[in-house]
Amino acid sequence: MQAGVKKLFVKSYGCQMNAYDAARMADVLAPEGYAETGVIEDADLIVLNTCHIREKAADKVFSELGKVRMLKEAREAAGLTTTIAVAGCVAQAEGAEILRKQRAVDLVVGPQSYHRLPEMLRQAALGPVIDTDFPVEDKFDHLAQPSEEKIRQRGVTAFLTVQEGCDKFCAFCVVPYTRGAETSRPAGKILAEAERLARAGVREITLLGQNVNGYHGEGEGGKDWSLADLLTRLSKVDGLARQRYMTSHPNDMSEDLIRAHAELPSLMPFLHLPVQSGSDRILDAMNRRHTAADYVRLVERIRRARPDIALSSDFIVGFPGETEADFVATLELAREITFGSTFFFKYSSRPGTPGADLEDQVAEEIKSERLGRLQEVVETQRRSFNSALVGRTIDVLFEKKGRYPGQIAGKSPYLQPVQVDGPETLIGQIAPVEIVECSSNSLFGRLAESFSQAQPTREAN
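Residues numbered from 1 in each chain as written. Predicted model: local features only at pLDDT ≥ 70, side-chain atom pairs only at ≥ 80, totals over all residues. Heavy atoms only, no water.

A. Here's a closer look at the overall build of the protein chain. Looking only at helices and strands, the protein chain features 15 helices and 21 strands. Whereas a compact globule of 461 residues would reach a radius of gyration of roughly 23 Å, the protein chain reaches 23 Å, a difference of no more than 12%. Expressed along its principal axes, the backbone C-alpha trace of the protein chain runs to roughly 70 × 60 × 50 Å. In the protein chain, buried positions account for 53% of the 461 residues. Looking at charge distribution, the protein chain has the averaged site of its 56 positive side-chain charges lying 3 Å from that of its 65 negative ones. (Helix = DSSP H or I, 4+ residues; strand = E, 2+ residues; numbered from the N terminus. Rg over C-alpha atoms; globule rule 2.2 N^0.38 Å. Buried < 20%, exposed > 50% of the residue type's maximum accessible area, 1.4 Å probe, protein only. Lys, Arg positive; Asp, Glu negative; His and termini not counted. Charge placed at Lys NZ, Arg CZ, Asp CG, Glu CD.)

Below you can see the structure in the form of structure tokens.
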């Protein structure tokens, strides 16, 4: 590799945990002399941090690797060395097959082993390397911590992984096979990471886990802490004004966690709670272990505790064996609950999961038609939810400059992007904003008059 500073380019696919992992990869490589770049052509090390949640995810990775191989060859012709790494869940699932199919790849590393990247890069200089083991040691104990400057560069919001893996074995999901069994980080280590983030100016954290509300990490006195215990303690960290968490399973939405939504002002009134289907028959085939009625009753308890809460969810249409009656049950559940936002997907076969071997696969055109009908219902709900905020004053955490000069942008308590005219000095602050307009994706507002009058005026130059 070239002398001096080396350039690192990480392309991350999929979930928020992959975004967190990508940042930690950069942190672990910084002491090795790597600086991040947003220009792939400049990179001495290219990492594709992959996601296996969709059908043909591996095919998409190999397509991307074909493009990266050509870039590597072009750089080699110019006398420059390029190392290519494939990380994440496709790396875990495909393993040596990646090296066999694409010889330009130098190393393959699973999501539990990326703390070993420096050592693997040294080995890769001698030949291709693969590490998709589930190591005994906790990778978080071996990760370099980002500097305060690096944290500030990443902004006033941050992800923080508290739990990984899943023991639910839903029939459509690869997570138990690519991320392993459920493990929870000790509470003390999470608190230490949160305090570092807060000291560097982070105002909002999102706790991440494949089954985050199943968190059961070691707390004070050696006792297991629930997610509610962890959120309660994090609410006392100086500087942290907001907390969120995702992704949750309905079966692990405990009473103490529901109470936390009522009792913790820092816990935002927004909950992502995937249901996947409104048909009990399909939920059973998915191995979800709850019924549609269970989900409805759970939502009722959550809304009694926190009446202003907004829900988002995941739906899968076209799971093998889904009939028109099953799909109609999904539509009915969506209409009954009313969501603030929703993610919806056509079922796609994930190799190695129980669903991949099921007979009675639903035709693609039927899946597309059903997806369109569901989309119409939930998109109407989302637009209605956004419109209902027009005329209200809500607190907004400002995160960055806006799209236009003199504009700043932030997030509402419900995760909607909000744009206002205001000074950049408000970035990192929470301010009341009167919402005056909404589009399909954003809210537009003005700083509340009482807040504007309280701000010192800047002298003209």
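So, next bit.
B. Summary view of the pairing of strand 13 (residues 242-246). Of all 5 residues that make up strand 13, 5 are buried, and the element is covered over most of its length. Burial along strand 13 is two-sided: the face carrying Arg242, Arg244 and Met246 and the face carrying Gln243 and Tyr245 are both buried. Where strand 10 (residues 204-208) meets strand 13, 5 bridges bridge the pair, whose relative direction is parallel. Paired with Leu208 across the bridge in strand 13 is Met246. (Pairing = 2+ DSSP bridges.)

C. Examining the environment of Leu240 more closely. Tracing the backbone shows Leu240 in the loop between helix 9 (227-234) and strand 13. Taking the relative accessible area as the measure of exposure, Leu240 reaches 8% and is therefore buried. Residues in contact with Leu240, not counting those within four places in the same chain, are Ala194, Ala198, Val202, Arg203, Glu204, Ile205 and Leu234. (Contact = heavy atoms within 4.5 Å.)

D. Structural context of the packing of helix 1 (residues 16-29) against helix 5 (residues 117-124). As a packed pair, helix 1 and helix 5 sit with axes 9 Å apart at the nearest point and diverge in direction by 70°. When the axis of helix 1 is compared with that of helix 5, the two are roughly perpendicular. Note on element contacts: helix 5 touches helix 1 through Leu117, Pro118 and Leu121, opposite Met25, Val28 and Leu29. Tallied by class, residues from the contact of helix 1 with helix 5 come to 6 nonpolar, no polar and no charged. (Axes fitted to C-alpha atoms, helices over the stretch in contact; angles between N-to-C directions. Parallel < 35°, antiparallel > 145°, perpendicular 65-115°, else oblique. Nonpolar A, V, L, I, M, F, W, Y, C, P; charged D, E, K, R; others polar.)

E. A look at unusual backbone geometry. Of note, the bond from Met246 into Thr247 is cis; its omega dihedral lies within 30 degrees of zero at 5°. Topologically, Thr247 is positioned in the loop between strand 13 and helix 10 (255-263). Phi is positive for Arg289, which is not a glycine, with a value near 65°. Locating Arg289 in the fold gives a position in the loop between helix 11 (280-285) and helix 12 (292-305). In the Ramachandran plot, Thr338 falls in the positive-phi region, its phi being about 70° despite a non-glycine side chain. Considering the arrangement of structural elements, one finds Thr338 in the loop between helix 13 (324-337) and strand 16 (341-346).

F. Summary view of the pattern of salt bridges. Under the defined criterion, the tally for this structure stands at 36 salt bridges. Residues Arg24 and Glu193 are paired through a salt bridge, measuring 3.5 Å at the closest nitrogen-oxygen approach. One end of the pair, Arg24, is in helix 1; the other, Glu193, is in helix 8 (residues 187-199), and 169 residues separate them in sequence. For the pair Arg24 and Glu193, a shared accessibility class is recorded, and that class is buried. Each of Arg24, Asp27, Glu36, Lys150, Arg154, Arg185 and Glu193 takes part in one network of salt bridges that share partners. (Salt bridge = Lys/Arg side-chain N within 4 Å of Asp/Glu carboxyl O.)

G. Local environment of the packing of aromatic side chains. Using the criterion set out here, one finds 3 aromatic pairs in the structure. On the basis of an interplanar angle of 85° and a centroid distance of 5.7 Å, the ring pair of Phe315 and Phe339 is categorised as edge-to-face. Residue Phe315 is located in strand 15 (residues 310-317), and its partner Phe339 is located in the loop between helix 13 and strand 16; the two are separated by 24 residues in the primary sequence. Phe339 shares its class with Phe315; the two are buried. Plain terms: the ring middles of Phe319 and Tyr347 are 5.1 Å apart, the flat faces sit at 75° to each other, and that makes the pair edge-to-face. Highlighted residues: Phe319 in the loop between strand 15 and helix 13 and Tyr347 in the loop between strand 16 and helix 14 (364-388), separated in sequence by 28 residues. (Phe/Tyr/Trp six-rings, centres within 6.5 Å; stacked < 30°, edge-to-face > 60°.)

H. View of the sheet that holds strand 1 (residues 6-12). As summarised here, the arrangement of the 6 strands in space is 2-1-3-4-5-6, forming an open sheet in which the pairing is parallel. Of all the strands in the sheet, the pair left with one neighbour each is strand 2 (34-36) and strand 6 (129-131). Ignoring which end each strand starts from, the neighbouring axes of this sheet average 20° apart. Here strand 1 runs beside strand 2; their pairing, made up of 3 bridges, is parallel. Across the sheet, Lys7 pairs through a bridge with Ala35, a residue of strand 2. Together, strand 1, strand 2, strand 3 (45-50) and strand 4 (83-88) form the strand contacts of helix 1, whose direction differs from that of strand 3 by roughly 155°. Where helix 5 meets the sheet, it contacts strand 2, strand 3, strand 4, strand 5 (107-109) and strand 6, and its direction lies at approximately 155° from that of strand 5.

I. Representation of the state of the cysteines within the structure. Counted by the stated rule, this structure contains 0 disulfides. Of all cysteine sulfurs in the structure, the one in Cys170 sits closest to Cys166, which takes part in no disulfide; the separation is 6.2 Å. Taking relative accessible area as the criterion, Cys166 reaches 11% and is therefore assigned buried. (Disulfide = S-S within 2.5 Å.)

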